[in-house]
Structure formats: structure tokens, C-alpha cells
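# Structural features, examined
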Amino acid sequence: MNGSGAMLRHEFRMLLADRIVWVVAAAILLLTGYSVQVGAAAADHQRTQVEQAVDEERERYAGLRETMTSVHQGEVSPSPFQDPTRPYVMGRARGQRFAVLPVNGFQATAVGQSDLIPPVVPVLLDGADPRGAREEIENPVHLLAGPLDLAFLITFLLPLLALAISFDLLSREREQGTLALLLSQPVSARRIVAAKLLVRWGLLMGLVAVATLLSLLLFTTGIAWQPFLFWGIIVALYLGFWIGLAALVNATGRESARNAVALAFLWLVFVIVIPAGVQISAAFLHPVPSRAELVALEREEVRQVQEEASAVLARYYDDHPELLPEGSVDEVDFQTRAFAVNQEVQTRLRPVRENHREALRAQQDWIRTLRWLSPTLVTHEALIELAGTGDARFGAFEAAVDRFHREWVGFFEPLIYTDSRLTPEDLDRLPVWTFEESSSGAAHAAAPGILGLLLFSALVLGIAMRLLRDGGDRRWTP
Amino acid sequence: MLKAEALSKHYNGTPALSDLDLEVNPGDIYCLLGANGAGKSTTIRLFLNFISATSGRALVNGMEVSAEPLETKKYLAYIPEQVMLYPHLTGAENLEYFAALSGHDDYDRGRIEEFLTRSGLQKDAHHERVGTYSKGMRQKVGIAVALAKQAGALLLDEPTSGLDPEASNEFSLLLRQLRDDGVAILMATHDLFRAKEVGSRVGIMRRGVLRAELDPAELGHADLERIYLEHMHD
């Protein structure tokens, strides 16, 4: 193609001659540095929380081993509420294990849900609820008002910066009068626009990629290359969508000022209105019962079950006669009674909790489905999944905590009902927390986003190129 | 080289150009005379495929413009009434870019300056930013762009409007040179004097219709003006 190289060189030069490009470049470099630092600080905070919990648990267990040894040797006799050889004491605060979520290698790129879900969950007989602080799925709200992390910068601000250097890519040529001379040459408007798009896209992509790499090197311990690669693909396609949208608006042949207004409006629709609408509709269509109600219900159940405590206990020993210690049900230890009450409360609350979770899940599904309405939502979802701060990884964490809690209760239950005592050796038999990271990796996390964004970008570019075809009276001609 | 066959252009039913038949051969300078809105610019824009014909055909070198929009532009150079260039670039850089787009990306600096000099742009302005140029100087770069393209046909839309008499005269000389090199030139103009000077044929247009075709060699200046005014006022 004649002049392709000259065209790209020329466009690049024209771009650099524009002061706004330097403002955009400076903004990208500074904001990227700042936002990666924000993400890295959040990740560091989580790392510290996890390390502290692990250290605390190790020290506590060392102390417990000593105390248990002393108790066994008859050196001390602590009160029944402090005695770690009693399974009910050990299974609660004194012996609690921490379920911890380690920091993901690429986590500095997106805070995501990590500031909504605690990475350290104490697992004890009474319960283990990582959703303690979490009312609802807050994806889009988070997107609107979350911390200035890299994912926010990419999804929210980068489109504005991209539009600032592309809103007048064809209209300016017409307004400054150069389009007439350009189009009298044997080059099509499509090629001219394509060169402009390519140069802008390349410049922004280069800036963002370099700034991100530098920031990751500066603020984190290293770069996870595989997620970074997929991150790059997502960002490239998302940028492609916005620059393609600028081309589409330019191809309608209006003046620059109107293009700017139209693009600002489209930014508002895709970045603010649709995400907010998705959130509002989710809260409206799939309301989550309030947590306060749940707590009130729990208290009521506790009161009722306590009144029927003897009956509850009797029922249990009816089912498990082999566990009944010597004597009658009425003489059973206070702690066994408390455990039985607690278990019964948990059992009665299970359907309510399950409803609560089901509602959350329905809301989450609704949001996940509707995210296809806006490339911003698609991109945000993909970026936080890549960073390991999205629903997929936290869902896995919650499920693992749930499993571990059941294992924990299962271990202590027979010991409590038989009123047994633990030995220091039993400490090594206690369930241990482990978290298996999903093996599907970055490609799996990014694939739906890549497909969705390919569609979005292809759609806007396709329409733009169709409007820019030769022949017929086109509004964009000089 | 340039040929219009029953070429018509309507905007929402209002004719801007009606059934134009004209032919410009290599070595011809065809001057289209007429008031604003007579259809002169419409004709030129049709040859450039900036707009498409309602009916009829515009042909460049035997090819229909609407069927071969890019191929036909290889044979066309165009100088608009206002040559607008990239203000951040120098005259030489502007020329270099447009030459590259037209397929001549092999011109060295000497060749570029030669085109600029031939177009009458003073040497010390070659490497000044176009932002500092006067209208006449930009017009000269426009001419250089056309020269550098080495096209077989030249479309001119009021090219001398706003030029001082001296520059205008230089421009006429240049047109004659191109004519002698065998370029087919179609020029829309208000300037009866210039048309009589350089034109090998003159067409008078009014309201989209070609009213008369004259041979200026057979007419005096006064005759041309009289005939022109006759067509304007009936």
C-alpha cells in the first residue's frame, strides 16, 4: 500500500505536536504509578494480616501445648472455661484456627473485592462466616466509588484519556481544511482513519504497558508474566473499543464539538449509567434480606433452644447412645449442653442462611449476566478475576472456609459429647487449613472478557468502517 | 482525460448540476465560468468523488469515478480555493507527506525543494512552519503538491482568488507550462481575464447548466465579458 509508512509516521508526528497528548501521557504515567501503589499497599496490608494471623496461631499453639502438658502432669488445674484439654474450650477461641487467603501474585493490579472480604477468618465451633462484613455483591458500586486502583484507572479514566486524543480524529482534518487535499490523494478515508486509530491505540497501549510494568517493578516484589500478558490483551481490546467508538462518532460527520459531547455522553452511559443500572436492578429484583433480621432471628432461636436445652440434648443422645457418658442426661457437663444448643441453633438457622446466600448468588448471577451490556463491566470483571480479587477466587475461598469449618466441628463433636479430654499429641491431629488455588489460571479468568471485548470492538469498528466507505454522499467528506 | 457524460447532481430534488457534457483533453485548459452556485465546484467535487452523481457519469482516463474512486485519483491533482495544510509542519514537510500519499515517497530533499521553487515559493520559506504562511504561500505549496503528483489531470477550484496580481500571473505561466507538458486542466473561476488569458476553452455555467462553450482565441476580452453577462442576465 503506497504511503502506509508515511501515513503512520505522519500521524504519530501530528499526535506528538498536540499538547493534549503530553497531558494524557503524563496523566497515564502518574496515575498508573499511584494506582499500582494503592493496589500494592492493599496487598501488603492483606499479607501482613495473614502473616500476623499465622504467627499468632503458631505461638498460641506452642503455649497450648505447654499448658496441656502441665495439666496432664497435674501441675496446674485451670478452670473448666480455660482448660485446653477440654474439647469445647479447644474448639473455640483458645484453639481456633485461622482460614487465611494468601495474596495473589498479580493482586496489586486490582483491589477488587479484597477490601470487602476479610482474608483471615477465625474458624471455631460457633461458626466461620467470611461474609461477616459483606452485605451484598458490590461490584458496580465499587466500580463507581472504589479505591483508585489500576483496574479503576483502566476501566474508568483510561477511556476519557483515549477520547481526549481521538474525539476529533477526522473532524479536525475537515475543520482545518486538510481533508480535501488528503482525500484527493489515492487513499481511502478508511485507511486514513485506520492509521489514526492505530497510532493512538499504539501510543496509549505503549504508555499504559510501560507505566504498569515500571510501577509493578517499583512497588511489588515481581511480575507475574502470564496474568500480565492476558491483562495486556484485555486492556488492548478495551482501548480498541473506545477508540473505535471515537472513529464511529467521527464517521457520522459532525463537527468536533458535537463529537466531544456525543462521546462524553457515551462514556457516561457505558461507564456510569449501565453499571449503576445493573446494580440498582440487581438490588431491586434480587433483594438480599437484611443482616439485622438475620441477627435478630438468631437471638430468638438461641433463646428458644436454650429453654429446650435438655430436650435437645436428650434427642441427641437418643440418636447416639454410644456417646453418652456415665450418668444421666441431666448430669451432662455444662459445655456439652452449650455445644448442643449451639449446634441446634445452627441447624435451625441453616435454611435462613441458605436463603441469604441464595439471594446473594442470584444477585451475583444477575450482575454477571448483565455485564455484557457494557464493555466497562466486562473489563472490570476480567481485571479483578486476573488479579485474584474477583468473585471466582473469593467464592472458592468461602467454600473452602465452609468445608474447613465442618471438618473442625466434625472433629470436636464426638469428643465433646463423650466428654473426653485432649492430650498434647491430639494437637497434631487437629484439622489444618489449606487453600488450593484454582489451577485453571489466567487464561481461564480472561477468556470470557476477551471474547466479549472482541465482540464490542469489532462491532464499533465495523460500523465505523461501514460509515467510512467510499461512494454515496457522506457527511464526513470535505 | 476528463469527461462528463450527462452528469447531474441533485440535492433533495434541487438540481445543482444538470446534464453536463464536457471533455478536457491532454493539453487543454478548460475554464468554467459562472457565479457562485452555478455548479462549477459541484462538477469538480464529482470528479473527486467527494459527492456522487445523481445520474450520468464522470470519467477520468476512461474510468468511471464512482466505480474506481482510488484508481482515478491517481490521475487527478486538486488545488482547492483555500489550500489548507498542517500548520505544525513546514512547507517542505507538508509536500513530502502529500507526495508520499500520492505514491511518490521516493523524492529526496532536493527534489522537494525543486517543486516548491517551481511553484514560486521563496527559498527561505521552504523550511518555515506553514502556520506562519500567508494564503498565497499556502496556495503555492498546494501547486507544488499538484506538481509533485505528476498527475495527468488538474482540477482547480478558484485557485487564484486572493492571490496578488503578480502571483496570479506566475500561476498562469505555470498552468501554460503544465498544458504544454500535456496535462488536462479543468479550472473553475470567476476571473474572466485569467480565463481569456490561459483558457483553451471556456464554458459558461448558470444554475447548474452549461450555457455556452467558447474558444477564447476567437474572442476579445470585451466580447467574453459581454457574452458572459448576457448569459447571466437572461
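Since the structure is predicted, the reported quantities are computational estimates derived from the model, not experimental observations. (Residues numbered from 1 in each chain as written. Chains lettered and ligands numbered in written order. Predicted model: local features only at pLDDT ≥ 70, side-chain atom pairs only at ≥ 80, totals over all residues. Heavy atoms only, no water.)

Our next topic: the overall build of chain A. Secondary structure assignment for chain A yields 16 helices and two strands. Overall size of chain A, expressed as C-alpha extent along the three principal axes, is 105 × 45 × 30 Å. Considering chain A as a whole, with its 478 residues, one finds that 52% of them fall into the buried category. Of all intrachain contacts in chain A linking residues separated by at least 6 positions in sequence, the fraction that spans at least 24 positions is 83%. Carbon and sulfur atoms form 61% of the exposed surface of chain A, whose accessible area is close to 21000 Å². Taken together, the 42 basic and 54 acidic charged side chains of chain A have centroids lying 14 Å from each other. (Helix = DSSP H or I, 4+ residues; strand = E, 2+ residues; numbered from the N terminus. Buried < 20%, exposed > 50% of the residue type's maximum accessible area, 1.4 Å probe, protein only. Contact = heavy atoms within 4.5 Å. Areas by Shrake-Rupley, 256 points an atom, 1.4 Å probe, with all protein chains shown as cover. Lys, Arg positive; Asp, Glu negative; His and termini not counted. Charge placed at Lys NZ, Arg CZ, Asp CG, Glu CD.)

Glancing now at the overall build of chain B. Regarding its fold elements, chain B presents eight helices and ten strands. Here the C-alpha atoms of chain B give a radius of gyration of 18 Å, agreeing with the 17 Å that 2.2 N^0.38 yields for 234 residues. Along the longest, intermediate and shortest principal axes, the C-alpha atoms of chain B span 50 × 40 × 30 Å. Counting only residues that meet the buried cut, chain B has 56% of its 234 residues in that class. (Rg over C-alpha atoms; globule rule 2.2 N^0.38 Å.)

Take the nonpolar core next. Within soluble globular proteins, side chains that are nonpolar tend to cluster in buried spots. Ranked by internal contacts, the top residues of the largest apolar core, which has 169 residues, are A:Trp231, B:Leu154 and B:Leu186. Residue contributions to this core reach at least three from each of two domains, namely domain 1 (2–75 + 152–233) and domain 2 (87–150) of chain B. Setting aside residues no more than four positions away along its own chain, B:Leu154 makes contact with B:Ala77, B:Tyr78, B:Ile79, B:Ala146, B:Leu175, B:Leu178, B:Val183, B:Ala184, B:Ile185 and B:Leu186. In terms of nonpolar packing, the next biggest core, distinct from the first, is built from 49 residues, A:Val50, A:Tyr88, A:Leu313 and A:Val345 among them. (Core = buried A, V, L, I, M, F, W, Y, C linked by side-chain atoms within 4.5 Å. Domains from an automatic or database assignment.)

Let us now look at the domain arrangement of chain B. All names here are of chain B. What the domain assignment lists for chain B is domain 1 (2–75 + 152–233) and domain 2 (87–150). On a C-alpha basis, the centroid separation for the pair domain 1 and domain 2 is 25 Å. Opposite the 15 residues of domain 1 that make contact, domain 2 presents twelve residues. In total, domain 1 and domain 2 occlude about 880 Å² of area from one another, counting both sides; carbon and sulfur atoms represent 57% of this. Considering only the side of domain 1, the residues that lose the most area to domain 2 are Leu-163, Glu-170 and Leu-174, jointly responsible for 36% of the buried surface there. (Buried area = accessible area lost by both parts, 1.4 Å probe.)

On the surface, a cluster of negative charge is made up of B:Asp105, B:Asp106, B:Asp108 and B:Glu114. Among the structural elements, B:Asp108 can be located in the loop between helix 3 (91–101) and helix 4 (109–118). (Patch = residues over 30% accessible without salt bridge, like charges linked within 9 Å, V, L, I, M, F, W, Y side chains within 5 Å. Salt bridge = Lys/Arg side-chain N within 4 Å of Asp/Glu carboxyl O.)

Each strand in a sheet pairs with its neighbour through backbone hydrogen bonds, running either in the same direction (parallel) or in the opposite one (antiparallel). All names here are of chain B. As summarised here, the arrangement of the six strands in space is 6-7-8-3-9-10, forming an open sheet in which the pairing is mixed. A single partner strand is all that each edge strand has here, and the edge strands are strand 6 (76–79) and strand 10 (209–214). If you compare each strand with its neighbour and ignore which way they point, the axes differ by 20° on average. Here strand 6 pairs with strand 7 (residues 153–157) via four bridges, running parallel. When the sheet's bridge partners are listed, Leu-76 is paired in strand 7 with Ala-153. Lying over the sheet, helix 8 (residues 221–233) contacts strand 3 (29–33), strand 9 (201–206) and strand 10, oriented at roughly 25° with respect to strand 9. (Pairing = 2+ DSSP bridges. Axes fitted to C-alpha atoms, helices over the stretch in contact; angles between N-to-C directions.)

Residue and element names in this part refer to chain A. For helix 14 (residues 375–387), with 13 residues, the first-to-last C-alpha span of 18 Å sits near the 18 Å given by 1.5 Å per residue. Across the 13 residues that make up helix 14, a large majority, 13, are buried. Two or three places before Thr-376, at the start of helix 14, stands the capping residue Ser-374, its side-chain oxygen 3.1 Å from that residue's backbone nitrogen. Trailing helix 14 by a residue or two, Gly-388 shows a phi angle of about 80°, which is positive. (Expected span 1.5 Å × (residues − 1). Polar contact = N/O pair within 3.5 Å; in protein donor to acceptor, adjacent residues only side chain to side chain.)

Okay, the pattern of salt bridges next. Residue and element names in this part refer to chain A. Taken as a whole and assessed by the stated rule, the structure comprises 39 salt bridges over all chains. Between Arg-348 and Glu-344 there is a salt bridge, and its shortest N-O distance comes to 3.0 Å. Taken together, the residues Arg-348 and Glu-344, both in helix 13 (residues 334–370) and four residues apart, mark about one turn of the helix. Relative accessible area serves as the criterion here: at 18%, Glu-344 is assigned to the buried category. The partner of Asp-402 in a salt bridge is Arg-406, with the nearest N and O atoms 3.5 Å apart. Here Asp-402 and its partner Arg-406 are both found in helix 15 (residues 391–417), four residues apart, which amounts to about one turn of the helix. On the basis of relative accessible area, Arg-406 is assigned to the exposed category, the value being 53%. Linked through salt bridges whose partners overlap, the residues forming this network are Glu-301, Glu-308, Arg-315, Glu-344 and Arg-348.

Before going further, it helps to spend a moment on a nonpolar patch on the surface. Taken together, the side chains of A:Leu8, A:Leu198 and A:Trp201 define a hydrophobic patch exposed on the protein surface, amounting to about 250 Å² of accessible area. By relative accessible area, which is 48% here, A:Leu198 ends up partly exposed.

This part covers the pairing of strand 4 (residues 55–60) of chain B. All names here are of chain B. Here five bridges tie strand 1 (residues 2–11) to strand 4, and the two strands are oriented antiparallel to one another. When the sheet's bridge partners are listed, Ala-4 is paired in strand 4 with Ala-58. Strand direction decides the pairing type here: strand 4 and strand 5 (residues 63–64), joined by two bridges, are antiparallel. In the sheet register, Leu-59 faces strand 5, and the bridge partner there is Glu-64. Joining the antiparallel neighbours strand 4 and strand 5 is a turn of two residues, in which Asn-61 adopts a positive phi near 55°.

A separate point is the interface of chain A and chain B. Across the boundary between the two partners, chain A contributes 28 residues, which contact 32 residues of chain B. Around 2700 Å² of area is buried between chain A and chain B when both sides are counted, 62% of it from carbon and sulfur atoms. Counting the surface chain A buries against chain B, the share from its top three residues, A:Leu181, A:Gln185 and A:Pro186, is 23%. A:Arg13 serves as the salt-bridge partner of B:Glu93, at 2.4 Å between the closest nitrogen and oxygen. Our enumeration of links across chain A and chain B arrives at seven residue pairs in polar contact (both at pLDDT 80 or more). Of all the elements in the fold, those that place two or more residues in the side of chain A that touches chain B are helix 1 (4–16) and helix 7 (178–183) of chain A. A per-element tally of the side of chain A that touches chain B places helix 1 of chain A first, with six residues.

With that settled, consider the sheet that holds strand 2 (residues 14–24) of chain B. Residues and elements named next belong to chain B. Sheet architecture is open: four strands sit in the order 2-1-4-5, paired in antiparallel fashion. Every other strand in the sheet has two partners, leaving strand 2 and strand 5 as the edge strands with one partner each. Pairing analysis gives seven bridges linking strand 1 to strand 2, with the strands arranged antiparallel. The residue of strand 2 that forms the bridge with Lys-3 is Glu-23.

We now examine the packing of helix 12 (residues 309–319) of chain A against helix 13 of chain A. Residue and element names in this part refer to chain A. Where helix 12 contacts helix 13, the axes come no closer than 9 Å and their chain directions differ by 90°. In this view, helix 12 runs roughly perpendicular relative to helix 13, as classed from their interaxial angle. Counting all contacts with helix 12, which are made through Ala-309, Ser-310, Val-312, Leu-313, Arg-315 and Tyr-317, the residues of helix 13 involved are Thr-336, Arg-337, Ala-340, Val-341, Glu-344 and Arg-348. Residues belonging to the contact of helix 12 with helix 13 are distributed by class as follows: six nonpolar, two polar and four charged. (Parallel < 35°, antiparallel > 145°, perpendicular 65-115°, else oblique. Nonpolar A, V, L, I, M, F, W, Y, C, P; charged D, E, K, R; others polar.)

All right, on to the environment of A:Tyr238 then. All names here are of chain A. With respect to the secondary-structure elements, Tyr-238 resides in helix 9 (residues 225–251). Counting along the chain gives 137 residues from Tyr-238 to Pro-375, while the straight-line C-alpha distance between them is 7.1 Å. Not counting chain neighbours up to four residues away, the residues in contact with Tyr-238 comprise Ile-154, Thr-155, Pro-159, Val-271, Pro-375, Thr-376, Thr-379 and Leu-453.

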